[in-house]
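# Structural description and commentary
Below are the chains, spelled out letter by letter.
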Amino acid sequence: MQKETRHFLNLPDIDPDVLKAILKKAHALKKQKFNPPQLFKGLSLAMVFDKRSTRTRISFEVAMKQLGGHTIVMNMSEIQLGGAESVESTANVLSRYVDAIMIRMSDQAPMEALARHAQIPVINGMTDESHPCQIMADLLTIEEKLGDIEGKKIAWFGDSNNVSNTFIQAAPIFGFELAMSGPEDLFAGNPHYVADPKEAAKNADVLVTDTWVSMGQEGKTLDKFWPYQINADLMACAKDHAIFMHCLPMHEWEEVSEEVAKSPASVIYDEAENRLHAQKAILAWCLENAGVSVSQKSFNFGNE
Ligand code: CP
C-alpha cells in the first residue's frame, strides 16, 4: 500500500500531535548533536530558492548531511521551473531523483501546487505568507530557555509578516498566549492586537520582532514603526526572565536596540542554531516513509 506523502507546508495542515512530536524530536536530536543518528543515509534533499538565504540554506544542508544524507541546492534562475517547465512536470521529475524538496518561494500557491504533484515530501522554506520551520525553531528555543511552551506569553512587535502569521497559526496548536503590537493599519482584524506596546509587553515571557523591511520592500518608510522598537524600556515591562528573539537577519538598530540585541536576554544565536535541530526533526518526520523513493535502493556500483 502506498504510504502518505508527508508535506510540511503550513502548521494548521498538520496534526497538532504530530507537530508536538516533531518538537520533542528536535529536543532529542539536539541532545545527539555530537553523535547524530544516520537516519538519512542514502537519501537526498533538493533545495530550491527564489530569494536569498543564509540560515535556511545552510541549516537544511548541514541537517541533511549530519544525518547521513545529501543535498542539491538550486536557485530558481538555474532550473527550468518558472521558465519552460511547469510545476507539475518539475514535481514529477524531482520525485524520480530525490527524496524530498525544500523550497523558498515568494508565492505560496506554486509551492502548494508542487506538493500536490510531487510523490515526495515538500517542505516550506519560507513564503511571503508563512515560515513554519522558523517557528518550530523558535518554539524549541523558548522551551530550552523557559520550559514548556504551553501557557507562555509571547509578545510580537513591529511589522505584520510571514513570521507573525505563523506565530498566529502556532498559538492555538501549542497553547501559548500571543500579543501583537505595531502600526494599527497593519494589524486590522488581528485578534491578538494590542495598540500600546508597553501593554503588549506586560508579563511577557518572550519579546520577538523581525525586520521592518522584508525582502523586496527596500525603500519602505519606517516612521510609523519606531514606537514598536524592542529596547530596554520595553523589555522592562516584561517578566524578569523574559528573553528577546529575532529570526534574523536584523536591520541594526531599527526593530531592536543594540543594547537589547547584545544583552544576556537575547537568545538570537541559539535561535539560529535551533533551525538546524528543528529541521532535522521536520526532515525525520517527512522522510520516515521515504521507502517509496528510488534512493532507498542500496547498490554497490561495479558489483551489480
Ligand atoms: N530566518 C531566516 O529564514 O533566515 P534566512 O533568510 O537567512 O534563511
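Residues numbered from 1 in each chain as written. Predicted model: local features only at pLDDT ≥ 70, side-chain atom pairs only at ≥ 80, totals over all residues. Heavy atoms only, no water.

### Some remarks on the sheet that holds strand β5 (residues 153–157)
- Reading across from one edge, β6-β5-β7-β8 is the order of the 4 strands in this open sheet, with parallel pairing throughout. Each edge of the sheet is formed by a strand with only one pairing partner; in this case those strands are β6 (177–181) and β8 (243–246). Put simply, the sheet's adjacent strands are angled 20° from each other on average, direction ignored.
- Packing against the sheet, helix α5 (residues 132–146) makes contact with β5, β7 (206–209) and β8, and its axis sits at approximately 165° to β8.
- This element, helix α6 (residues 162–174), spans β5, β6 and β7 of the sheet and lies at about 155° to β6. (Pairing = 2+ DSSP bridges. Helix = DSSP H or I, 4+ residues; strand = E, 2+ residues; numbered from the N terminus. Axes fitted to C-alpha atoms, helices over the stretch in contact; angles between N-to-C directions. Contact = heavy atoms within 4.5 Å.)

### A word on the sheet that holds strand β1 (residues 44–49)
- Taken in spatial order, the 4 strands make up an open sheet running β2-β1-β3-β4, and their pairing is parallel. Two strands close off the open sheet at either side, each with one partner strand: β2 (70–75) and β4 (122–124). In this sheet, adjacent strand axes meet at a mean angle of 20° when their direction is disregarded.
- Its contacts with the sheet put helix α4 (residues 108–117) on β3 (100–104) and β4, and the angle it makes with β4 is roughly 160°.

### Section: the packing of aromatic side chains
- One pass over the structure, following the stated rule, counts 5 aromatic pairs.
- Considering the side-chain rings of phenylalanine 187 and tyrosine 193, the 5.5 Å spacing of their centres and the 20° angle between planes classify their relative orientation as stacked.
- One aromatic cluster is present, built from ring pairs that chain together Trp156, Phe167 and Phe176. (Phe/Tyr/Trp six-rings, centres within 6.5 Å; stacked < 30°, edge-to-face > 60°.)

### Some remarks on the site of the ligand
- Close to the ligand lie Ser53, Thr54, Arg55, Thr56, Arg104, His131, Gln134, Cys247, Leu248 and Arg275.
- Taking threonine 54, its main chain carries an N or O atom lying 2.7 Å from an oxygen atom of the ligand.
- Between the ligand and cysteine 247 there is a distance of 3.0 Å, counted from a nitrogen atom to a backbone nitrogen or oxygen.
- Across the complex, the protein chains shield 95% of the 250 Å² of accessible surface that the ligand would expose by itself. (Near = heavy atom within 4 Å. Polar contact = N/O pair within 3.5 Å; in protein donor to acceptor, adjacent residues only side chain to side chain. Areas by Shrake-Rupley, 256 points an atom, 1.4 Å probe, with all protein chains shown as cover.)

### Considering helix α2 (residues 55–66)
- An ideal rise of 1.5 Å per residue puts 16 Å on 12 residues; α2 measures up with 16 Å between its terminal C-alpha atoms.
- Thr56, Ser59, Phe60, Glu61, Ala63 and Met64 are the residues of α2 that are buried.
- In this fold, the buried residues of α2 make contact with β1, β2, β3, β4, α5 and α10 (268–287).
- Just downstream of α2 lies glycine 68, where phi reads positive at about 95°. (Expected span 1.5 Å × (residues − 1). Buried < 20%, exposed > 50% of the residue type's maximum accessible area, 1.4 Å probe, protein only.)

### Let's talk about the pairing of β6
- Taken across its 5 residues, β6 has 4 buried, putting it largely inside the fold.
- Of the pairings in the sheet, the one linking β5 to β6 comprises 5 bridges and is parallel in character. For tryptophan 156, the partnering residue across the bridge sits in β6 and is methionine 180.
- In this view, the connection linking β5 to its parallel neighbour β6 by way of α6 has right-handed handedness. (Right-handed = clockwise from strand over helix to strand, strands pointing away.)

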